[in-house]
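# Coordinate analysis (summary)
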Amino acid sequence: MDISLLDRVPTIAIGVAAKLLDVSVSSIRQYESVGLILLHHESNGRRLLAHADIERLELLKQKITKNGFNFEGLRRILALVPCWKIKSCTSEDSARCPAFQDSRNPCWLVSNNLCHEKGLVCRECAVYWEAPKFIDNMKGFLKNTKYSIDEMFNKYGIG
């Protein structure tokens, strides 16, 4: 499923989103507080969601209710996504990027990562939008990104 730019335009109030998802507003805020979703915040503090956010939340909710995941488990699985490979970062950029060094959080949760330095916005990044789709088959996802075991061992200082 390709997420179009139009699907990512935040137009849905958090209360409406909660009704669509059959969850409480505080549940959506909790997904946001643990970093599983990045909501758009207007200058007055009002949170807005896009259609793609609704789909993302539905998928994450399903992983929790039907597959037995919890927030921490989901966040840690998403932390495995090799953003530096997907975005074709150089080895020098990867080595100095805090997201590459952080093994507990997905790149969009790591402050001052290299993408932020370059002025890129996580809500507009393919890594953020595509990563949850591979939660159930992270091994297949990693194989398709040509992410090698050697790189993983080097990243985490194993071996």
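Throughout this description, residue numbers start from 1 for each chain and increase along the sequence as written. Since the coordinates come from a predicted model, pLDDT governs what is reported: local features require at least 70, and pairs of side-chain atoms require 80 or more to be given and counted, while whole-chain, interface and lining totals use all residues. Calculation of side-chain values draws on the structure's entire complement of heavy atoms; hydrogens and water are dropped beforehand.

## Regarding the pattern of salt bridges
- A carboxyl oxygen of Asp or Glu within 4 Å of a side-chain nitrogen of Lys or Arg is what we treat as a salt bridge. Within the structure shown, the criterion is met by 10 salt bridges.
- Note that Asp 93 is salt-bridged to Arg 96, the shortest N-O span being 3.8 Å. One end of the pair, Asp 93, and the other, Arg 96, are both in helix H6 (residues 91-96), three residues apart, so they sit about a helical turn from each other.
- Each of Asp 93, Arg 96, Glu 117 and Lys 118 takes part in a single network of salt bridges with overlapping partners. Under the scheme used here, helices are H or I runs from DSSP no shorter than 4 residues and strands are E runs no shorter than 2 residues, and both carry numbers assigned from the N terminus.

## Things to note about the environment of Glu 55
- Tracing the chain through its elements places Glu 55 in helix H3 (residues 51-65).
- Remark: the alpha-carbon pair of Glu 55 and Asp 7, spanning 48 residues in sequence, is separated by 9.7 Å.

## Quick word on helix H1 (residues 14-21)
- The complete set of buried residues in H1 reads Ile 14, Ala 17, Ala 18 and Leu 21. The arc that holds the buried residues of H1, viewed along the axis, is 100°, so those residues lie on one side. Residues of H1 that are exposed and angled more than 90 degrees away from the buried face: Lys 19 and Leu 20.
- Following H1 by one or two positions, Asp 22 adopts a phi angle in the positive range, close to 60°. The buried label applies to any residue whose accessible area, calculated with a 1.4 Å probe on protein chains only, is under 20% of its type's maximum; exposed applies above 50%, and partly exposed to all values in between. In this description, one arc is meant: the one made by directions from the helix axis to the C-beta atoms.

## As for the packing of aromatic side chains
- Pairing of aromatic rings covers Phe, Tyr and Trp, the last through its six-membered ring, and needs centres within 6.5 Å; plane angles under 30 degrees mean stacked, over 60 mean edge-to-face, and all others mean tilted. Across all of its chains, the model carries four aromatic pairs by this definition.
- Judged by centre distance (5.1 Å) and plane angle (85°), the ring pair of Trp 108 and Tyr 128 falls under edge-to-face. Residue Trp 108 is located in the loop between helix H7 (98-101) and helix H8 (114-117), and its partner Tyr 128 is located in helix H9 (residues 126-130); the two are separated by 20 residues in the primary sequence. Taken as a pair, Trp 108 and Tyr 128 share a single burial class, namely buried.
- Where Tyr 128 meets Trp 129, the ring centres are 4.9 Å apart and the plane angle is 75°; that geometry is what we call edge-to-face.

## Notes on the sheet that holds strand E3 (residues 47-49)
- At least two DSSP bridges between two strands are required for those strands to pair. In space, the three strands of this open sheet follow the order E1-E3-E2, with antiparallel pairing throughout. Edge positions in the sheet fall to strand E1 (12-13) and strand E2 (40-41), since each of these pairs with one other strand and no more.
- For E2 and E3, the ladder comprises two bridges, and the chain directions are antiparallel. Pairing of His 40 across the sheet is with Leu 48, part of E3.

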